[in-house]
Amino acid sequence: MTDLTSLQADLTARIADSADLAALEAIRVEALGKTGSVSELLKTLGRLTPDERRVEGPKINGLRDAVAAAIADRKAALETAELDARLAKETVDLSLPPPPERRGRVHPTMQVMDEMIAVFAEMGFALAEGPDIEDDFHNFTALNFPPKHPAREMHDTFWLPEDETGQRKLLRTHTSPVQIRAMQQGQNHKLPGWIASSQTPPIRIIVPGRTYRSDSDATHTPMFHQIEGLVIDRNIHMGHLKWTLDTFISRFFETPLVETRFRPHHFPFTEPSAEMDVKCDRSGGDVKIGQGSDWMEIVGCGMVHPNVLTNCGLDPDEWQGFAFGFGVDRLGMLKYGMPDLRDMFAGDVRWLDHFGFSAFQAPNPATGLS
């Protein structure tokens, strides 16, 4: 009979001395494989008498278990040593930038427009829309523009070629035509459902959308965005207009310290007309609303001209109203510190990554617009 004690001592010593996992695996096969030394001893148990099996069985099984445990312990130690060696050799340069992560962002223009709509909706204004391609009547004539007004010229307005009837349409120069469509009584109702149609006063609407003028510099682009407002009711006056604009500016810029003033101005479609200035601080390169001693023009406005009411079929002796217009992109520049309006339309994803907004943070006047 094989000396089990000597065999166990020999195998245990060889296992402890194994230099790597390959050498350890060779010892495992030699001892515990199908024809291994320990496996051959286990096969002899079937040829022993019951009394001999009761004596030799525990010894051989104990040998097998001891060898298997020694192999498992040595394997764990070799794997740990191998991992430590790899970690020492394979280092990660944590100073390298992470791989770029592509994610969608809300454009600042859309964010600012949503913020403005949220504030005006809280004040009871409804939303109205109209076509980007307009006719002369809705864009100019109904709004009291005289026939030779400079805005009708090619250097200011994008005119389209004549159609089969000889009429030339244009890219709208403001969103005011939508106000005409909302006020106009008895107009053609065979229009798409999204185009504003005549409403019976009182009317309280805002009109966001794209507008087009032949102009381009750091604060002007050929295509830009406006939000105009219109209120038509009985006994409306300039005090209502000033309260509306003061409230909006305070809510939009999220500061109660708003001081404004009206300056006389001229618009063909309002009388009296005004530009509203807001007190601000221009020091430090940023414009801070509600601080400082500087003034900055921020919105054009006025009382709706009686001729405009008449052109829309409303009696100016019964109905009065006011209108105003904000440049959406310009308000975004002021609020979020964007220096050049042209960057908003350049399509640079780096700029959008910097100034863009999360799509999961919709403007809400109750919890904060931005």
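Residues numbered from 1 in each chain as written. Predicted model: local features only at pLDDT ≥ 70, side-chain atom pairs only at ≥ 80, totals over all residues. Heavy atoms only, no water.

Visitor: Let's hear about the overall build of the protein chain: which residues, and what values?
Guide: Helix and strand counts for the protein chain stand at 11 helices and 11 strands. Relative to the compact-globule value of 21 Å for 370 residues, the protein chain shows a C-alpha radius of gyration of 41 Å, a clear excess of over 25%. Projected onto the principal axes, the alpha-carbon positions of the protein chain cover approximately 125 × 50 × 40 Å. A buried classification covers 40% of the 370 residues belonging to the protein chain. Considering only residue pairs separated by 6 or more positions, the protein chain has 64% of its internal contacts joining residues 24 or more positions apart. On the protein chain, roughly 20200 Å² of surface is accessible, and the fraction owed to carbon and sulfur atoms is 54%. Put simply, the protein chain has 38 plus and 53 minus side-chain charges, and the middle of one group is 4 Å from the middle of the other. (Helix = DSSP H or I, 4+ residues; strand = E, 2+ residues; numbered from the N terminus. Rg over C-alpha atoms; globule rule 2.2 N^0.38 Å. Buried < 20%, exposed > 50% of the residue type's maximum accessible area, 1.4 Å probe, protein only. Contact = heavy atoms within 4.5 Å. Areas by Shrake-Rupley, 256 points an atom, 1.4 Å probe, with all protein chains shown as cover. Lys, Arg positive; Asp, Glu negative; His and termini not counted. Charge placed at Lys NZ, Arg CZ, Asp CG, Glu CD.)

Visitor: Could you give an account of the pairing of strand β7 (residues 260-267), with specific residues and numbers?
Guide: Pairing analysis gives seven bridges linking β7 to strand β8 (residues 270-281), with the strands arranged antiparallel. Directly across from R261, in β8, lies its bridge partner D277. Hairpin geometry of β7 and β8 is characterised by an intervening segment of two residues between the two adjacent antiparallel strands. (Pairing = 2+ DSSP bridges.)

Visitor: Now, about the pattern of salt bridges: what can you tell me, with residues and values included?
Guide: Overall, the coordinates contain 20 salt bridges when judged by the stated rule. Between E30 and R14 there is a salt bridge, and its shortest N-O distance comes to 2.6 Å. Taken as a pair, E30 in helix α2 (residues 21-32) and R14 in helix α1 (residues 4-17) lie far apart in primary sequence, 16 residues in all. One salt bridge connects R263 with D277, and the closest N-O pair in it is separated by 2.5 Å. Residue R263 is found in strand β7, and its partner D277 is found in strand β8; the two are separated by 14 residues along the sequence. With relative accessibility at 2%, the residue D277 sits in the buried group. (Salt bridge = Lys/Arg side-chain N within 4 Å of Asp/Glu carboxyl O.)

Visitor: Describe unusual backbone geometry, with residues and values.
Guide: A negative phi angle is the norm for most residues apart from glycine, just as the trans form is the norm for most peptide bonds. The residue after P201, namely P202, is reached through a cis peptide bond having omega 5 degrees. Along the chain, the position of P202 falls in the loop between α7 (176-183) and β5 (203-212). Of the consecutive residues E271 and P272, the connecting peptide bond is found in the cis state with omega at 0 degrees. Counting through the fold element by element, P272 comes out in strand β8. Within the chain, E254 stands out as a residue other than glycine whose phi angle is a positive 55 degrees. On the secondary structure map, E254 appears in the loop between α8 (238-252) and β7.

Visitor: Break down the nonpolar core for me, with residues and values.
Guide: Of all hydrophobic cores here, the largest spans 35 residues; its most connected members are M116, F120, F248, F324, F326 and L331. Mapped by element, the contributors of at least two residues to this core are α5 (108-122), β6 (223-233), α8, β8, β10 (294-304), β11 (320-327) and α10 (328-336). Looking at this core, the element that brings in the most residues is α5, giving six residues. When neighbours within four sequence positions are excluded, M116 is seen to be in contact with I227, F248, F252, F326, V328 and L331. Listed in part, the 27 residues of the second largest apolar core include A151, A196, L230 and F267. (Core = buried A, V, L, I, M, F, W, Y, C linked by side-chain atoms within 4.5 Å.)

Visitor: Tell me about the environment of E40, residues and numbers included.
Guide: With respect to the helices and strands, the residue E40 is situated in helix α3 (residues 37-43). For the pair formed by E40 and I27, sequence separation is 13 residues and the distance between their alpha carbons is 15 Å. Those residues in contact with E40, other than ones at most four positions away along the chain, are K34 and T35.

Visitor: Can you break down α7 residue by residue, with the values?
Guide: For α7, the buried fraction is high: eight of the eight residues fall into the buried class. Those residues of α7 that sit buried are S176, P177, V178, Q179, I180, R181, A182 and M183. Lining the buried residues of α7 we find β2 (133-134), α6 (136-139), β5, β6, α9 (306-311) and β11.

Visitor: Can you break down the packing of aromatic side chains residue by residue, with the values?
Guide: Counting across every chain of the model gives 15 aromatic pairs. With a centroid separation of 4.5 Å and 5 degrees between ring planes, the pair formed by F120 and F248 is classed as stacked. With F120 in helix α5 and F248 in helix α8, this residue pair connects regions lying 128 residues apart in the sequence. Taken individually, F120 and F248 each receive the classification buried, so the pair is uniform in this respect. Connected via pairs of aromatic rings, a cluster forms that spans F120, F125, F248, F252, F253, F322, F324 and F326. It is K335 that lies over the ring of F252; its NZ or CZ is 4.4 Å from the centre. (Phe/Tyr/Trp six-rings, centres within 6.5 Å; stacked < 30°, edge-to-face > 60°. Lys NZ or Arg CZ within 6 Å of the ring centre and 35° of its normal.)

Visitor: Just give me the short version of α1, but keep the residues and values in it.
Guide: Taking 1.5 Å as the rise per residue, α1 with 14 residues should run 20 Å; its terminal C-alpha atoms sit 20 Å apart, in good agreement. Those residues of α1 that fall on the buried side of the exposure criterion are L4, L7, L11 and I15. The buried residues of α1 occupy an angular sector of 65 degrees when the element is viewed end-on, so they sit on one face. Exposed side chains of α1 directed beyond 90 degrees from the buried face belong to T5 and D17. If you follow the buried residues of α1, they end up packed against α2, α3 and α4 (50-89). (Expected span 1.5 Å × (residues − 1). Arc of directions from axis to C-beta.)

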